[in-house]
Each structure stands twice: as structure tokens, then as C-alpha cells.
Amino acid sequence: MQMRTVLVPALVASLAACGGEAKAGSAPGGGPGGGRGGPSVTLAATDVANPRLAPLEAAVAVTGTLEPLERSEVRARLEGDVEQVFVREGEAVRAGQLLARFDAGDQAGNARSAEADVAAARSELSTAQWSLEQNRELLQQGAIPERDVRVSEQAVAAARARVAAALARSGSSRREVTDTRVVAPVNGVVEKRVVNPGEHVNQNAPLFTLVRGDVLELAAAVPERDAASVQPGQAVRFVAEGNQFTGRVARMSPSVDPATRAVTVYVQVPNPDGRLRAGSFASGRIVSRTVADALVVPAAAVREGREGARVVYRIVNGKLDMANVTVGLTDEAQGLVQITQGLTEGDRVVVGNVGVLGEGMSVRMAGEGRGGPGGAGKGRDRGGAGR
């Protein structure tokens, strides 16, 4: 009993000494980073960036399908047999160019008959006018009653009406002859051809589809919150089919779609050489404002501070300094943010998610010396040796 009483205090004292040694080695200086003099953080070279001057654009992203500015469907103006077809899909055509021709035998015959009717009606009118002049002279001589003159005047009026009707029929017949020649209404490219020589087609049947490909148009939905910064004439930079193109905002919808809360913006892209094809998917950015020499940092460097403030952690004399900054333009495509106040080009700022940061923390760069978690491990080793 006496031996147990003596050994217990000695064992407790030994354990207390070993525990105190281990605690000191696990976190020298009391910091989470294992460095002396306060908490610290170890950063890689990719965790640090320098503010720099660069051109920056405020832009609204748009995507959509490029469609031709004009698409024309050429239809048959009359019923008949197609005699010749002169174009195929993919061929460029000019306005007024002959695309196809109908058999015009019946129409040509009708036109000649209508012209003959015009000649006959004009002859009747001439005879009626001569009779009227003769009767007027006889009336002055008292040879005929006034009733005969009135009859002659009516005959002249009827003859004039027949001439007008004959001329109308003649014009209609000539148009039918013209309609046997199918011509392109606009400059464009043949997208579809649905008729072949020898086919009998009905009136108003589709024959060709032409598209105007020198200018393409994209209809994009812009969120209501961004629509105020979009105006006709603004530049739009596109990527389509692996190539970059530039377009312009042509017009905007005057109202907001109540279902999507978006405004439709129409962007036109010049395509004089035909490099872009209708139906291509395009993604672009409507540039609303450009700053040529903005001071920019990666967007990941800007953090939320108290009460909605924006802050950036910069490295000053080996420690973290929390700087309040004022943010300008944001370029989401490049991942850059303009800093209008709070930083200079010579600063070094912390980028991205590197753990918990705080004002005054010591900064160690990976590979520049021992310390941090490695130092903490050595402390534990020393504690174990002490035990």
C-alpha cells in the first residue's frame, strides 16, 4: 500500500510533463499554420496575382441560331406543265434570273386571241365615232331627229367599253405568258428545289426556296435586367463554326416577354463571302462599354466583406492586408474585374479559395522554406522523443 501511494504521484507527474511537451509541439505560436508569431497561411504561386492594366469590356452574353435575313418561297402563278428547270440547290441566283419555264402554248394562244379582240373593238369604236359625227351634221341640217344622234352616242360609249374590256383581257393574257417564266424575286441561294421538268403543277404550288445569305440574323433573348444596356448599333462579337465574326444590334423588341421576362434582340452579321451558313449555332457578346486601360484582377480575388462591401486580400510585408475596393466593369468571358479604387499595379493579391483568411496572417509561399504544416509535424516528433 505504501509503494502504490508513492508511485501514483510520480506517474501523474510524468504524464503531465509529456502532455505539455506534445501540446507545445503541435501548434508552435498558437497559430493554425504552425508558424511562430500568430496564424499563417501557405500559398502556391498560382494563388497570387498582380493587378494589371488591360482593355476590358462590359458585355451581355447572347446565343442562338443564325438565320438568313430573307427567305423567299417561289410558287407557281398558274397551273401547267413545267418545261425546263435551270437551277439546283446551292446555286447563287440574281434577282430576275430565270429559274424555270412552263409550257406556254395555251397562254400564247390566248394572248394572240386577246390582241385580236382589241383590234376588233377598236375598229368598232372607230366606226361608231364616224357614224356619230355624220349624224350630228345631219341633225344640224334637220335631216334626222335628235333621237338618232343619241343612239349614235350610246353606240360610241358601248364601243369604248368593249375596247377597255379587250385591253384588260389582253393584259391578263400577257401576264399569263409572263408567268410561264419563273424568275428569282431576290438575290440569294437556292435552298430547296421541289420541281422537275415534265411535272404538272397546280397554281400556287411551291417550286423553289431562296435564302439571302449575305446577311444573317440572330434573335437572342436578353434578360430584362440587362436589356437597358443594349442599344441598336452596338457591336457584337460572335463565335460560330470555330471562327470569330462581328455583328451589330439591328433592332430590339419594344416589350418584355411576360413568360421569360426577356427582351428579344435582333443581331445582324454581314456574310458577304458566305463563310457562315444559315442554321449555324453562334455564341456572342453584346459590347455595351469598353475601357482601354482598366486596372483588373481575377474575379476570384474579389470577396464579400461586411455589409456587402467588396474586399481583396493583398500581401504586404509577408502578411495579409484586407483592402476595401471599388469594383467597376466585370468581364465574365475573361474572368476579370475592374478595380477603380483600393489597389495599385504593384500589389500582390490572393486569388481563389485557399482556406480561411484573416487580417494580419503571416504568408509563406510554397517551396520558399520550411514551416507551416511541416513544422508542426516536427514539433510532434520532438514531443514524442521527450516522452
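Everything numeric here is computed off the predicted structure, so don't read it as measured data.

Caption draft 1: Inspection of unusual backbone geometry at higher detail. The backbone of glutamate 241 shows a phi angle near 55°, a positive value even though the residue is not glycine. Its location among the elements puts glutamate 241 in the loop between strand E11 (235-240) and strand E12 (243-252). Phi is positive for asparagine 317, which is not a glycine, with a value near 55°. If you trace the backbone, asparagine 317 turns up in the loop between strand E16 (310-316) and strand E17 (319-331). On the basis of relative accessibility, which here comes to 76%, the residue asparagine 317 falls in the exposed class.

Caption draft 2: Geometry of the side chain of glutamine 107. By the secondary structure assignment, glutamine 107 is in helix H2 (residues 105-141). Exposure remark for glutamine 107: the relative accessible area of 12% places this residue in the buried category. Beyond its immediate sequence surroundings of up to four residues, glutamine 107 is in contact with Leu78, Glu79, Ser173, Glu176, Val177 and Thr180.

Caption draft 3: Up close: the sheet that holds strand E9 (residues 200-201). The sheet built from 4 strands is open, its strands ordered E7-E6-E4-E9 with antiparallel pairing. The open sheet terminates on both sides in strands that have one partner only, identified here as strand E7 (181-183) and E9. Taken together, the 2 bridges between strand E4 (residues 80-85) and E9 define a ladder with antiparallel strand orientation. Of the residues in E9, the one forming a bridge with glycine 80 is valine 201.

Caption draft 4: Here's a closer look at helix H3 (residues 146-179). The first and last C-alpha atoms of H3 sit 50 Å apart over 34 residues, in line with the 50 Å expected at 1.5 Å per residue. Among the residues of H3, those classed as buried are Val149, Ser152, Val156, Ala159, Val163, Ala166, Ser170, Gly171 and Ser173. Among the structural elements, H2 are those in contact with the buried residues of H3.

Caption draft 5: Focus on H2. The terminal C-alpha atoms of H2 lie 55 Å apart, and with 37 residues this matches the ideal 54 Å at 1.5 Å per residue to within 8%. Here the buried face of H2 lies against H3.

Caption draft 6: Structural context of the pairing of strand E18 (residues 336-341). Examined bridge by bridge, strand E14 (residues 281-298) and E18 share 3 bridges and lie antiparallel to one another. Bridge pairing in E18 links valine 296 to glutamine 338. The turn linking E17 back onto E18 is made up of 4 residues, and glycine 335 within it adopts a positive phi angle of 70°.

Caption draft 7: Molecular detail of the packing of aromatic side chains. Using the criterion set out here, one finds 0 aromatic pairs in the structure. The lysine or arginine in question, arginine 251, covers the ring of tyrosine 266, its NZ or CZ lying 4.3 Å from the ring centre.

Caption draft 8: Focus on the environment of arginine 162. Assignment of secondary structure puts arginine 162 in helix H3. Separated by 42 residues in the primary sequence, arginine 162 and alanine 120 place their C-alpha atoms 9.3 Å from one another.

About the criteria used
- Within each chain, residue numbers correspond to sequence positions counted from 1 in written order.
- Per-residue local features are limited, in this predicted model, to residues with pLDDT of at least 70; the limit for side-chain atom pairs, both in listing and counting, is 80 or more; totals at the level of whole chains, interfaces and linings are taken over all residues.
- Remark: hydrogens and water are excluded; side-chain values derive from all non-hydrogen atoms of the structure.
- Here a helix means four or more residues in a row that DSSP labels H or I, a strand means two or more in a row labelled E, and each is numbered from the N terminus.
- Note on exposure labels: buried denotes an accessible area under 20% of the residue type's maximum, exposed denotes more than 50%, and partly exposed covers the range between, all computed with a 1.4 Å probe on protein chains only.
- The contact rule is simple, with two residues in contact once any of their heavy atoms fall within 4.5 Å.
- In this analysis, strands are considered paired if DSSP registers two or more bridges between them.
- Here a helix's expected span is defined as the number of its residues, less one, multiplied by 1.5 Å.
- Whether two aromatic rings pair depends on their centres lying within 6.5 Å, for rings of Phe, Tyr and Trp, where Trp uses its six-membered ring; planes under 30 degrees apart make the pair stacked, over 60 edge-to-face, and the rest tilted.
- Comment: the charge-over-ring label is applied if NZ (Lys) or CZ (Arg) is within 6 Å of the ring centre and within 35 degrees of the ring normal.

Any functional reading would require information beyond the geometric quantities listed.
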